[in-house]
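Close look at the chain arrangement
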Amino acid sequence: MVDEECNLEARILQMEERNTQNLILQRLRVANPMNYEILIKVKYLDISPDEVAKEYGLTRNGVNNRIFRTKQWIEREMSRIYD
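Residues numbered from 1 in each chain as written. Predicted model: local features only at pLDDT ≥ 70, side-chain atom pairs only at ≥ 80, totals over all residues. Heavy atoms only, no water.

1. A short note on the overall build of the protein chain
Selection criterion: Numbering of helices and strands runs from the N terminus; a helix is a DSSP stretch of H or I covering at least four residues, while a strand is a stretch of E covering at least two. The atom set for the radius of gyration is the C-alpha atoms, and the globule formula is 2.2 Å times the number of residues raised to the power 0.38. For every residue, the accessible area (1.4 Å probe, protein chains only) is compared with the maximum for its type, and the residue is labelled buried under 20%, exposed over 50%, or partly exposed between those bounds. Using a 1.4 Å probe, accessible areas were evaluated by the Shrake-Rupley method; residue-level cover was limited to the displayed protein chains. Counted as positive: Lys and Arg. Counted as negative: Asp and Glu. His and the chain ends are not counted at all. Taken as the charge location is NZ of Lys, CZ of Arg, CG of Asp or CD of Glu.
Regarding its fold elements, the protein chain presents four helices and zero strands. Secondary structure elements in the protein chain, listed N-terminal to C-terminal, are α-α-α-α. Computed over the C-alpha atoms, the radius of gyration of the protein chain is 17 Å, more than 25% above the 12 Å expected from 2.2 N^0.38 for a compact globule of 83 residues. Its C-alpha atoms give the protein chain principal-axis dimensions of about 55 × 25 × 15 Å. The burial tally for the protein chain puts 25% of its 83 residues in the buried class. Carbon and sulfur atoms provide 51% of the accessible area of the protein chain, an area that totals close to 6,400 Å². Of the side chains in the protein chain, 13 bear a positive and 14 a negative charge, and the two mean positions are spaced by 11 Å.

2. Details of unusual backbone geometry
In this structure, Asp-46 is a non-glycine residue whose phi angle is positive, near 55°. Mapped onto the elements of the fold, Asp-46 is located in the loop between α2 (33–44) and α3 (49–56). Given a relative accessible area of 65%, Asp-46 falls into the exposed group.

3. Structural notes on a nonpolar patch on the surface
What counts is decided by this rule: Nonpolar side chains (Val, Leu, Ile, Met, Phe, Trp, Tyr) are joined into patches within 5 Å and like charges within 9 Å, using only residues with over 30% relative accessible area and no salt bridge. Salt bridges are counted wherever a side-chain nitrogen of Lys or Arg sits within 4 Å of a carboxyl oxygen of Asp or Glu.
Together, Leu-23, Ile-81 and Tyr-82 line one region of the surface with nonpolar side chains, adding up to about 260 Å² of accessible area. Relative to the helices and strands, Leu-23 resides in helix α1 (residues 2–31).

4. Overview of the nonpolar core
Our working definition: Side-chain atoms within 4.5 Å are what join buried Ala, Val, Leu, Ile, Met, Phe, Trp, Tyr and Cys residues into a set we call a nonpolar core. Throughout, a residue-residue contact means that at least one pair of heavy atoms, one from each residue, lies within 4.5 Å.
Counting residues in each nonpolar core, the largest one holds 14 residues, and the members touching the most others are Leu-28, Val-63 and Ile-74. Mapped onto this core, the elements with two or more residues apiece are α1, α2, α3 and α4 (60–82). The leading source of residues in this core is α2, at five residues. What Leu-28 contacts, discounting residues up to four positions off in sequence, is Pro-33, Tyr-36, Leu-39, Thr-70, Trp-73 and Ile-74.

By themselves, these figures tell us nothing about what the structure is for.
Shown next as structure tokens:
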């Protein structure tokens, strides 16, 4: 019985975390649609930064910088929610 309760609590926490992550990604899409698309293509769809750079007329470093800045933005949003 205790294990089931712990598993249920863990599942609820996972669901809340997923909802928060989705909320932050939605905010990113509104705040900076280009960075959102680049992040999704490179990190979630596994499209190479070189291909994404060609599509957007950027350099590979430009794409990587946008991903880096977007990750920092996401971290700030997460800390605002959880702090």
